[in-house]
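Examination of the molecular architecture
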Amino acid sequence: MAFVGGAATINMASLGYQYGWSVFIDPVVVFCALLISAYFAKRVRDGHGLTISELLTDSSPPLKLFLGLTSFFVYQLLTAAQFVAVGKLLSPYFPGIPISLVVVVPALIAFFYIYFRGFDAVTNTDIFQLILMLALYATPLILIFGTHSPSSVSGFPIEAMPTPITLLIYLSLPFFFIPVSLDTSVRVKAASSLAIARTGLIAGGALYVLFVGVSIGVGVFLRESGHNIDQPEKVLAYFFDSYLGEFRILGTIAVLAAIASTLDSFAFDSVASLSNDLLKPIHKRLNFTEKQVISIASFVVLAISLTVALVFQQILGLILGAMLLYVAIFIPVAFGRFIGVPDKALLLTSSATAVVLLACKLLNYTPPLEPLAYILLHFFLVAIAKGVWQK
């Protein structure tokens, strides 16, 4: 259920308001990606290592380190996005309190919970989130859609904006991100059996379609009802105020539970990536115990993700940027290993792609069809490396 996050809930309501049902491509893609993940679950369970970088690199320490750093950075961005979502969701209830404090307090609670409960904290909040989202979010909102027609609300319908092709491509990235993501790998390996792993992935995909579909419906409903909302990220809060009234806190609690579930999942992934990919190779040299390594990793993850969240207040930008980086690096590397490109060459192609991506961002340059441009660049470099190493 990590994919059914509060950040996604807030984002998709906003995108539904702006672009209509065209953004429903996101839940469709996620569901298809989870079906693919379920199909390959046995291969993941039979593989070696915990993280996706270990599964890809086997015994090459340099490439393993680079992919570990990439995975760690990606999940830092995703964790930060959940922190931002907490601030945007709760700040209207605490108008006199700085948003930084609204973000920090839940973050500390979540990290202490993860530190003391481990992966059990992730799975337990998944179940809790599911119950709250069904009871306090999906059910009442579907009832509102069924009993209130847009035409019954004063105001003229607002025409949806044309959906940029770049946005549709970005929303399609989960198709490549989810099957190779650390979160999927950890959950598949942690399941008590292959059947449970596959059932969980498919059920999670179906629930994602339900919850995100409801969120998109919120945006579409408000737009067709003629509600003029200047700040799209406040669409969900506006709907709660307008249609739930004094019970709006219940919807907020459901979304907050979704954020908490996703937050602890991504935070756990960040800690696992840092502990296994980066700190594990050196902790024996420094005579650190496993618990000390986890403590250090938890502190580093909390400090970096909080800093990113307080500096960059864009939920969608953080999520899409993280997925772009992950897909642009890992998918071509997986393909390169499949066709027999040496790890030394893949380290060079990955590093070159990362440098180009970072340079474009720093120069504020957006290549045509940006998500695909970096992915195709890396595939091109891998193809060149294959030819060079064969010679």
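Scoring rules and cut-offs
Residues numbered from 1 in each chain as written. Predicted model: local features only at pLDDT ≥ 70, side-chain atom pairs only at ≥ 80, totals over all residues. Heavy atoms only, no water. Helix = DSSP H or I, 4+ residues; strand = E, 2+ residues; numbered from the N terminus. Buried < 20%, exposed > 50% of the residue type's maximum accessible area, 1.4 Å probe, protein only. Contact = heavy atoms within 4.5 Å. Areas by Shrake-Rupley, 256 points an atom, 1.4 Å probe, with all protein chains shown as cover. Core = buried A, V, L, I, M, F, W, Y, C linked by side-chain atoms within 4.5 Å. Axes fitted to C-alpha atoms, helices over the stretch in contact; angles between N-to-C directions. Parallel < 35°, antiparallel > 145°, perpendicular 65-115°, else oblique. Left-handed = near helix turned anticlockwise from the far one by under 90°. Nonpolar A, V, L, I, M, F, W, Y, C, P; charged D, E, K, R; others polar. Phe/Tyr/Trp six-rings, centres within 6.5 Å; stacked < 30°, edge-to-face > 60°. Expected span 1.5 Å × (residues − 1). Salt bridge = Lys/Arg side-chain N within 4 Å of Asp/Glu carboxyl O. Patch = residues over 30% accessible without salt bridge, like charges linked within 9 Å, V, L, I, M, F, W, Y side chains within 5 Å.

Thoughts on the overall build of the protein chain
- From N to C terminus, the protein chain includes 17 helices and zero strands.
- Considering the protein chain as a whole, with its 391 residues, one finds that 50% of them fall into the buried category.
- By sequence separation, contacts in the protein chain at least 24 residues apart represent 84% of the contacts at least 6 residues apart.
- Here the protein chain displays about 17,600 Å² of accessible surface, and carbon together with sulfur accounts for 70% of that area.

Quick notes on the nonpolar core
- In terms of nonpolar packing, the biggest core is built from 114 residues, with Tyr 137, Phe 177 and Phe 239 touching the most fellow members.
- Considering each element in turn, this core owes the most residues, 16 residues, to helix H5 (residues 61-90).
- Residues contacting Tyr 137, with those up to four places away along its chain left out, are Thr 9, Leu 132, Phe 211, Val 214, Ser 215, Leu 236, Phe 240, Ala 254 and Val 255.

Some thoughts on the packing of H5 against helix H15 (residues 315-338)
- Here H5 crosses H15 at 160°, and the two axes come no closer than 8 Å. Taken as axis vectors, H5 and H15 run roughly antiparallel relative to one another. Note on packing geometry: the crossing formed by H5 with H15 is left-handed.
- For the contact of H5 with H15, a count of residues per class yields 21 nonpolar, three polar and one charged.

Let's talk about the packing of aromatic side chains
- Counting across every chain of the model gives 14 aromatic pairs.
- With 5.7 Å between their ring centres and 35° between their planes, Phe 145 and Phe 221 make a pair best called tilted. A residue pair is termed long-range when its members are at least 10 positions apart, and Phe 145 in helix H7 (residues 119-147) and Phe 221 in helix H11 (residues 194-224) qualify at 76 residues.
- When its relative accessible area of 26% is taken as the criterion, Phe 145 is described as partly exposed.
- Accessibility expressed as a relative area gives 6% for Phe 221, which makes it buried.
- Each ring, one from Phe 177 and one from Tyr 326, has its centre 5.1 Å from the other, and the planes form 75°; the classification is edge-to-face.

What to know about helix H10 (residues 182-190)
- With seven of its nine residues buried, H10 lies for the most part within the structure.
- Listed in full, the buried residues belonging to H10 are Leu 182, Asp 183, Thr 184, Ser 185, Val 186, Arg 187 and Val 188.

Digging into the environment of Lys 64
- Topologically, Lys 64 is positioned in helix H5.
- What makes Lys 64 partly exposed here is its relative accessible area of 21%.
- Separated by 214 residues in sequence, Lys 64 and Leu 278 have C-alpha atoms that sit 8.9 Å apart.

A short note on unusual backbone geometry
- Unusually for a residue other than glycine, Asn 364 sits at a positive phi of about 60°.
- Position of Asn 364 among the secondary structure elements: in the loop between helix H16 (343-362) and helix H17 (370-390).
- The phi dihedral of Leu 369 falls on the positive side, at around 50°, and the residue is not glycine.
- With respect to the helices and strands, Leu 369 occurs in the loop between H16 and H17.

Things to note about H15
- Look at H15: 34 Å from first C-alpha to last across 24 residues, which is about the 34 Å you get at 1.5 Å a residue.
- Burial analysis of H15 places 17 of its 24 residues in the buried class, the great majority of the element.
- Phi for Gly 340, located one or two positions after H15, is positive at around 90°.

Things to note about the environment of Ile 158
- Positionally, Ile 158 belongs in the loop between H7 and helix H8 (165-172).
- Separated by 66 residues in sequence, Ile 158 and Glu 224 have C-alpha atoms that sit 5.8 Å apart.

Quick word on the pattern of salt bridges
- Scanning all chains against the criterion turns up four salt bridges.
- Ionic pairing is found between Arg 248 and Asp 241, a salt bridge with its closest N-O pair at 3.2 Å.
- With a shortest N-O distance of 2.8 Å, Lys 361 and Glu 370 are connected by a salt bridge.

Points about a nonpolar patch on the surface
- A contiguous nonpolar patch, built from Tyr 93, Phe 94, Ile 97, Leu 101, Val 105, Ile 109, Phe 247, Ile 249, Leu 250 and Ile 253 and spanning about 850 Å² of accessible area, is present on the exposed surface.
- Counting only elements with at least two residues in the nonpolar patch, the list comes to helix H6 (99-117) and helix H13 (248-283).
- Its place among the elements puts Ile 249 in helix H13.
- Here Ile 249 falls in the partly exposed class, since its relative accessible area comes to 38%.

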